[in-house]
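A closer look at the structure
Chain residues, written in single-letter form:
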Number of protein chains: 2
Amino acid sequence: MQQLQKQQQMRAVGGLNARPVPRPFAPRLSVRAQTSTLDKGAAASTSQPFGRLFNFSAGPAVLPLEVLQEAQADLINYKGTGMSVMEMSHRGKEFMGIAAKAEEDLRKLLNIPSNYKVLFLQGGASTQFSMIPLNFAGPEDTTDNIVTGSWSKKTIDEAKKFSKANLVAKGDNKSIPAPSTWNLSPDAKYVHYCDNETIQGVEFKSVPDVGNKVLVSDMSSNFVSKPVDVSKYGLIYAGAQKNVGPAGVTIVIVREDLVGKARPDCPTMLDYKTHAENESMYNTPPCYAMYVCGLVFEHLLKKGGLEAVYANNVEKAKILYDAIEASNGFYNNPVDPACRSLMNVPFTIPSNPELEKAFIKEAEKLNMVQLKGHRSVGGMRASIYNAMPLDGVKTLAAFMKDFQAKNV
Amino acid sequence: MQQLQKQQQMRAVGGLNARPVPRPFAPRLSVRAQTSTLDKGAAASTSQPFGRLFNFSAGPAVLPLEVLQEAQADLINYKGTGMSVMEMSHRGKEFMGIAAKAEEDLRKLLNIPSNYKVLFLQGGASTQFSMIPLNFAGPEDTTDNIVTGSWSKKTIDEAKKFSKANLVAKGDNKSIPAPSTWNLSPDAKYVHYCDNETIQGVEFKSVPDVGNKVLVSDMSSNFVSKPVDVSKYGLIYAGAQKNVGPAGVTIVIVREDLVGKARPDCPTMLDYKTHAENESMYNTPPCYAMYVCGLVFEHLLKKGGLEAVYANNVEKAKILYDAIEASNGFYNNPVDPACRSLMNVPFTIPSNPELEKAFIKEAEKLNMVQLKGHRSVGGMRASIYNAMPLDGVKTLAAFMKDFQAKNV
């Protein structure tokens, strides 16, 4: 019975297989007490240091306050160097040190094997959509693409321009098709999937089994949110602006033997080799964004690394999914509990969609912002990346109960 | 006689034709007095607020202190929004306002005609090297390329991958070939040149006459350093990290009728249309870097716009070139005075190149840093972008005289 409960809890938050389940969230205040606090408007419980809000943006997104404080302190004169990091030559020893430390800390965090290169690029994940086929396939080669939401749909559309892009499986935006139904090509140059669909809130809970094929993953919106076995991948990429830093830097982790095979007409700047051979400094990299990413990596290591980060994320997501489940259908998250995202929690008010606007507006009054769902799906979406404080999630869950009580 | 002197002054600093010459720099201290001040090591005259140094880096480069102070003040909570600009959704009203203001101010600064789009992209000027031919030419089309230094050499090398790239003229890294010798193609899709060669310090002083051809210019290292008649160009591009902001944003100004003609195999993210149709927000732009650029544009407008900025740059450059000329050959700048850069001043000590290391080291002790020349050309290079204070240039010139006196 206990075992069954544990499994159910795990299922509710879409936890990774074979990982310990953090204990369920036990609120210290009763729902009523929380509700009455919230009723006071911008009450004490929703106040944060420096007048900051609970920012549920899907990206660019909340960053750790400690990181921002450090960046602020060093902005004009970085640690006695007499200049801002924004002003440093990327080839000077100060910035080279910052870049090396950022890579080193990321390698520690994700336990990246030594036969993988870590690249700090520009152009966002959207640029990777073309770089991947241009580097790994010829125009007549097959590429395998799993589609589970908006981002992986964009990926296959771009892959079609540069390869024979095979649709391995297409999800219904609420679930991941069973692997038994996947139509993998025998000769595909790689298999691409999106580990977390930011818009739909659909997340893979284990590494897809694609045999000995090269596995490529878009981890933009759940990068460094959980431990990942990098050795199972050919390439992992992530735009930084969710869990890692400011927009404008894209992190690519690529197995060395896959680098150097770009087709002849690949633009120099889209060739992984260009960047791998030059330690991401073929041209001027996005230095300041890399610096902030480095501060975030250091912060995550101090927090105990990705096991601790993951446990925290499971706890936060459980609070929100539990709140939705406890609402008796007032709130709805359409996603199969087996693949509910720990990062992006979309939900609606199905009985009365008109209430959604009021929900968003009232939440704003309580200092909870950016809760509007993506324009393509509507409703609400709470993005609860690493840096979203537990208090933010608790406050939102309490408000959800309160709002329901007033509007049933 | 006065007229001749004026012309000679103009020639010495490579001033634009038909522009007023700012009055020559008249030092308040005698050379001896300056020298003795500098002899005291990190003396009062080389101290700056907040322990900042005089940073002569070629890029990323010095930014206006006022801009850094404003960015610092607002880093954790931007003007009461409750979040950092780094944390803002790029589609939220706060950041949309920041982006719109940045574009508006840039349009004012450069007086950009309404039939030009302003794009904020990623990937640096190096990515433009492929974007330009991919958007403006087919594989069998001719493109015209003027080579006057390292960067325009890189441009033609990349253009060769995507077009029949014609070498219009090749400079000797010290001068710009006379237009009468240019080998322009009758059918070229565009003519590309680099307005300021950062490494060699070779700068165009007027807009090249290419008839009714589409003129494309790399203005990375002299962007917003002087007024420019945008209407003479098809496209202007610039990496931000010299005069404008942090590395990681590339500004493109492109005539609308040239957008939408990319070849079919152009990656979506390298198609100007993708960005022009989406106000640079097809995907997440480099928001924080754009924000800082916006602060710099605002700052330049406050300073009186580009006429004032240009006059200041002429004054600063004149101080250094005069110091070189006055050294009786101890220092040498190899560039034809008709095209000496106002931004990047390379110089050597030809009689004793061994002294160059000592020069750089002693300058560092006096808080003047990043004076080492590019690794491909050696010697020294003083990059004196918009944000380099006049005092920085004066201090360097005084040190040059002092160093010479000690080492003749």
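Under the annotation held in an unreviewed UniProt entry, chain A carries the name Phosphoserine aminotransferase and is attributed to Dunaliella salina. On record in UniProt, under Pathway (unreviewed entry), the comment for chain A is "Amino-acid biosynthesis; L-serine biosynthesis; L-serine from 3-phospho-D-glycerate: step 2/3."

In this section: the packing of aromatic side chains. Evaluated as defined, the whole model comprises 33 aromatic pairs over all chains. With a centroid separation of 6.5 Å and an interplanar angle of 55°, the aromatic rings of Phe330(A) and Phe403(A) are classed as tilted. With Phe330(A) in the loop between helix 9 (305–325) and strand 11 (344–347) and Phe403(A) in helix 11 (residues 390–407), the pair connects residues that are 73 residues apart, well separated along the chain. With respect to burial, Phe330(A) and Phe403(A) carry one shared label: buried. Pairwise contacts between aromatic rings join Tyr78(A), Tyr288(A), Tyr291(A), Tyr78(B), Tyr288(B) and Tyr291(B) into one cluster. Over the face of the ring belonging to Tyr282(B) we find Lys154(A), whose NZ or CZ atom lies 4.4 Å from the ring centre.

Attention now goes to empty space enclosed by the protein. Applying the stated criterion across every chain yields a total of three cavities of 30 Å³ or more. One number sums up the size of the largest cavity: a volume of about 270 Å³. Every residue lining the largest cavity is counted, 28 residues in all, and those nearest its centre are Gln122(A), Gly123(A), Thr127(A), Gln122(B) and Gly123(B). When residues of the lining of the largest cavity are traced back to their parent elements, those giving at least two are strand 2 (116–121) and helix 5 (124–136) of chain A together with strand 2 (116–121) and helix 5 (124–136) of chain B. Looking at the lining of the largest cavity residue by residue, the class counts come to 14 nonpolar, 14 polar and no charged. Quantified by volume, the second largest cavity comes out at close to 90 Å³. As for the second largest cavity, its lining consists of Pro246(A), Ala247(A), Gly248(A), Pro286(A), Tyr288(A), Ala289(A), Pro246(B), Ala247(B), Gly248(B), Pro286(B), Tyr288(B) and Ala289(B). Of all the elements in the fold, those that place two or more residues in the lining of the second largest cavity are helix 8 (287–302) of chain A together with helix 8 (287–302) of chain B.

With that settled, consider the nonpolar core. Nonpolar side chains in soluble globular proteins tend to end up buried together. Membership of the largest hydrophobic core comes to 122 residues, with the highest contact counts inside it found for Phe223(A), Tyr288(A), Phe223(B) and Tyr288(B). With sequence-adjacent residues up to four places away left out, Phe223(A) is seen in contact with Leu106(A), Leu110(A), Ile236(A), Ala238(A), Asn243(A), Val244(A), Ile251(A) and Ile253(A). Membership of the second largest hydrophobic core comes to 46 residues, among which are Ala159(A), Val214(A), Ala125(B) and Tyr190(B).

Residues and elements named next belong to chain B. Of note, Lys213 is situated in the loop between strand 7 (202–203) and strand 8 (215–218). Asp144 provides the closest opposite charge to the buried, salt-bridge-free Lys213, at an N-O distance of 4.3 Å. In this structure Lys213 touches Asp144, Ser185, Pro186, Asp187, Ala188 and Val191, once residues within four positions along its chain are discounted.

For the rest of this paragraph, the subject is the pairing of strand 5 (residues 191–194) of chain A. Residue and element names in this part refer to chain A. Where burial is concerned, the two faces of strand 5 agree: the one with Val191 and Tyr193 and the one with His192 and Cys194 are both buried. Judged from the two bridges that link them, strand 3 (residues 142–147) and strand 5 form a sheet pairing that is parallel. Residue pairing for strand 5: Asp144 is matched across the bridge by Val191. Pairing of strand 5 with strand 8 (residues 215–218), which is carried by four bridges, proceeds in the parallel orientation. The residue bridging His192 from the neighbouring strand is Val216, located in strand 8.

Once that is clear, we can look at the pattern of salt bridges. Residue and element names in this part refer to chain A. Applying the stated criterion across every chain, the model contains 40 salt bridges over all chains. Across the salt bridge formed by Asp195 and Lys226, the nearest N and O atoms sit 2.9 Å from each other. Taken together, the residues span a long stretch of sequence, with Asp195 in the loop between strand 5 and strand 6 (196–197) and Lys226 in the loop between strand 8 and strand 9 (235–239) at a distance of 31 residues. By relative accessible area, which is 2% here, Asp195 ends up buried. With a shortest N-O distance of 2.7 Å, Asp322 and Lys318 are connected by a salt bridge. One end of the pair is Asp322 and the other is Lys318, both in helix 9 and four residues apart, which spans about a single turn.

This part takes up the side chain of Ser383(B). Residues and elements named next belong to chain B. With respect to the element layout, Ser383 can be found in strand 13 (residues 380–383). The buried category is assigned to Ser383, whose relative accessible area is 0%. Of the polar contacts made by the side chain of Ser383, one reaches the side chain of Asn344; its length is 2.9 Å.

Here we come to the interface of chain A and chain B. Contacts between the two partners involve 63 residues from chain A and, on the opposite side, 63 residues from chain B. Taken as a group, Ile76(A), Met86(A) and Glu87(A) account for 15% of the area that chain A buries against chain B, more than any other trio of residues on that side. Summed over the shared surface of chain A and chain B, the result is two salt bridges. Across the pair Arg52(A) and Glu87(B) runs a salt bridge whose closest N-O atoms are separated by 2.8 Å. In this structure, the connection of chain A to chain B is made through 25 residue pairs in polar contact (both at pLDDT 80 or more). Looking at the side of chain A that touches chain B element by element, the count peaks at six residues for helix 3 (residues 65–73) of chain A. Along the lines of polarity and charge, the residues of the side of chain A that touches chain B split into 31 nonpolar, 24 polar and eight charged.

Think of a sheet as strands paired side by side through backbone hydrogen bonds, with each pair either parallel or antiparallel. Residue and element names in this part refer to chain A. Sheet architecture is open: seven strands sit in the order 2-10-9-8-5-3-4, paired in mixed fashion. The sheet is open, and its two borders are formed by strand 2 and strand 4 (164–170), each paired with just one other strand. For this sheet the average axis-to-axis angle between neighbouring strands, irrespective of direction, equals 20°. With five bridges joining them, strand 9 and strand 10 (residues 250–255) adopt antiparallel strand pairing. From the neighbouring strand, Tyr237 faces strand 10, where its bridge partner is Val252. Running over the sheet, helix 5 touches strand 2, strand 5, strand 8, strand 9 and strand 10 and is turned about 160° from strand 9.

The rules behind each value
Residues numbered from 1 in each chain as written. Chains lettered and ligands numbered in written order. Predicted model: local features only at pLDDT ≥ 70, side-chain atom pairs only at ≥ 80, totals over all residues. Heavy atoms only, no water. UniProt positions renumbered as here; feature names shortened; annotations may be inferred. Phe/Tyr/Trp six-rings, centres within 6.5 Å; stacked < 30°, edge-to-face > 60°. Helix = DSSP H or I, 4+ residues; strand = E, 2+ residues; numbered from the N terminus. Buried < 20%, exposed > 50% of the residue type's maximum accessible area, 1.4 Å probe, protein only. Lys NZ or Arg CZ within 6 Å of the ring centre and 35° of its normal. 1 Å grid on protein atoms, 1.4 Å probe; cavity = no way out; pocket = protein on both sides within 12 Å on 5 of 7 lines; lining within 4 Å. Points joined across faces, edges and corners; volume = space filled by probe spheres on them. Nonpolar A, V, L, I, M, F, W, Y, C, P; charged D, E, K, R; others polar. Core = buried A, V, L, I, M, F, W, Y, C linked by side-chain atoms within 4.5 Å. Contact = heavy atoms within 4.5 Å. Lys, Arg positive; Asp, Glu negative; His and termini not counted. Salt bridge = Lys/Arg side-chain N within 4 Å of Asp/Glu carboxyl O. Pairing = 2+ DSSP bridges. Polar contact = N/O pair within 3.5 Å; in protein donor to acceptor, adjacent residues only side chain to side chain. Buried area = accessible area lost by both parts, 1.4 Å probe. Axes fitted to C-alpha atoms, helices over the stretch in contact; angles between N-to-C directions.

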